Amino acid sequence: MSSSTKILRVRYTKIELIRLKRRLVVARKIHKILRERLTILISELYSMLKEATECRRRIHKTLTEIYTSLIKAYTVMSDNEIDILTQGIPPYHKLYIATKNIMGVITPLLEVRREKTRATYTLAETCTPLQDIARRMSDLIEDIATLAELEKSIQLLSYEVIRTKRRVNALEHILIPRIEATIRFLTMMFEEREREEKARLKHVKTVLTRRRAGE
Amino acid sequence: MSKDLELEELLKAELLRYANRHIPYTRKSLNKLLSEDFPHVICRDGTKHYFHRRELEYLASLLPKSLWGRLKLPIVIVLSPELGEGAAVINGGLECYIVCRVLGIKYEGQENMIIYRPQVVELRRKLRTTTQYALSLKSLIESNEKLEARL
């Protein structure tokens, strides 16, 4: 007998059989809920994975463009000039970290908000590639925050998927089959007992009839 | 009602509570959320669920200002296993209107609507923080008579 079809240690009584049947109904319901939860979590996970891949691709593309512009900027301006310009830039963005709840899983929420600050340089002091970099950097920061949020959420969701899957499997392959096997065993035992009882009664009846006939 | 059945009922209520513990106690209107610095709701498990301002602004762009106070957030996507795997129900006229606008479906004035898995995924992708899943456990809540009949 495999371990999954082992029967539970219960008293061989009819009341226990009724209890087991009720337990089976509850176990099936819990299994259904957990399976539904698992489906949701997996669909969320896949959707996030897809989004994270797109986001990462977008970041790579933006970075490539930024570096190309930077090389162009270096051809127009000197290292010193670029350094002086970039050091004076005040922080344009503020990052807010909060939480969001996805099916009971607490995941981070990163939000970048643009601050209204004025540039410390004039258009005459910079060149077109440098202005292009500044514009792209702003989008890049938002994308990086989104990617960070998605990747952490993916990690947390996958842990939850593993945990839920383990519970679903435990119910599906161990608990429910064991309860079913115990119910089957008890039902067969009671049926057997009933048959024995009938046979005994028949035998007693025959004996009594024979005795009466002898008298 | 026997003691066992009473326990069974309690367990069902507990299951419902456990399965939907991420649902907020009270939903807030779009108007109120837009006026908050950090728009959030408190969930039943005590955690805070924050909304992306970007999403709130997107929703605000879909509705006339006069209706901002009537839209309660988060929009609850009720997953109903009895309708089929992945099928979900959206309740409320305004919520249905928003969902139709987001998914590009024609809105016909319905008070509730059924959406299917690809639509649910699409909706969640666009409104990740302003929507929440909930499990409908209609199939779970069977009447005692039914339960007794099954046994």
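Refer to the preceding data block for the structure.
To start, this report covers the structure provided alongside it. Source: prediction; values computed, not measured.

Calculation notes
Residues numbered from 1 in each chain as written. Chains lettered and ligands numbered in written order. Predicted model: local features only at pLDDT ≥ 70, side-chain atom pairs only at ≥ 80, totals over all residues. Heavy atoms only, no water. Axes fitted to C-alpha atoms, helices over the stretch in contact; angles between N-to-C directions. Helix = DSSP H or I, 4+ residues; strand = E, 2+ residues; numbered from the N terminus. Parallel < 35°, antiparallel > 145°, perpendicular 65-115°, else oblique. Contact = heavy atoms within 4.5 Å. Nonpolar A, V, L, I, M, F, W, Y, C, P; charged D, E, K, R; others polar. Phe/Tyr/Trp six-rings, centres within 6.5 Å; stacked < 30°, edge-to-face > 60°. Buried < 20%, exposed > 50% of the residue type's maximum accessible area, 1.4 Å probe, protein only. Buried area = accessible area lost by both parts, 1.4 Å probe. Salt bridge = Lys/Arg side-chain N within 4 Å of Asp/Glu carboxyl O.

Moving on: the packing of helix H4 (residues 93-103) of chain B against helix H5 (residues 117-126) of chain B. Residues and elements named next belong to chain B. Interhelical geometry of H4 versus H5 gives an angle of 95° and a closest axis separation of 10 Å. Of the possible angle classes, the one that applies to H4 and H5 is roughly perpendicular. Facing H4, whose interface residues are Val-99, Val-102 and Leu-103, H5 presents Gln-119, Glu-122, Leu-123 and Lys-126. Its residues placed into classes, the contact of H4 with H5 shows four nonpolar, one polar and two charged.

Here we take up the packing of helix H3 (residues 53-62) of chain B against H4(B). Residues and elements named next belong to chain B. Axis separation between H3 and H4 bottoms out at 11 Å; the angle between their running directions is 100°. Viewed along their axes, H3 and H4 adopt a mutual orientation that is roughly perpendicular. Contacts from Tyr-58, Leu-59 and Leu-62 of H3 reach H4 at Tyr-97, Ile-98, Arg-101 and Val-102.

Now for the packing of aromatic side chains. Each pair of aromatic rings is reported with the distance of its centres and the angle of its planes. Taken as a whole and assessed by the stated rule, the structure comprises three aromatic pairs over all chains. Between A:Tyr12 and A:Phe185, the ring centres sit 5.4 Å apart and the planes meet at 65°, which makes this aromatic pair edge-to-face. Here A:Tyr12, found in the segment before helix H1 (14-76), pairs with A:Phe185, found in helix H3 (residues 128-214); they are 173 residues apart in sequence, far enough to count as distant. Classification of A:Tyr12 by relative accessible area gives partly exposed; the value is 41%. Take A:Phe185: its relative accessible area is 29%, and that puts it in the partly exposed class. Aromatic pair B:Tyr97 and B:Tyr107: ring centres 5.5 Å apart, planes at 80°, arrangement edge-to-face. Placement of B:Tyr97 in helix H4 and of B:Tyr107 in the loop between H4 and strand S7 (112-115) is noted, with a sequence separation of 10 residues between them. Owing to a relative accessible area of 23%, B:Tyr97 belongs among the partly exposed residues under this scheme.

Right, let's get into the interface of chain A and chain B. With 33 residues of chain A at the interface, the matching set in chain B holds 42 residues. Here chain A and chain B share an interface that buries about 3,400 Å² over both sides, 58% of which is from carbon and sulfur atoms. Scanning the region where chain A abuts chain B turns up three salt bridges. Taking the shortest distance from any N to any O, the salt bridge between A:Glu44 and B:Arg124 comes out at 2.9 Å. Where the side of chain A that touches chain B is concerned, the elements lending two or more residues are H1, strand S1 (93-102), strand S2 (105-114) and H3 of chain A. Each residue belonging to the side of chain A that touches chain B can be placed in one class, and the counts come to 13 nonpolar, six polar and 14 charged.

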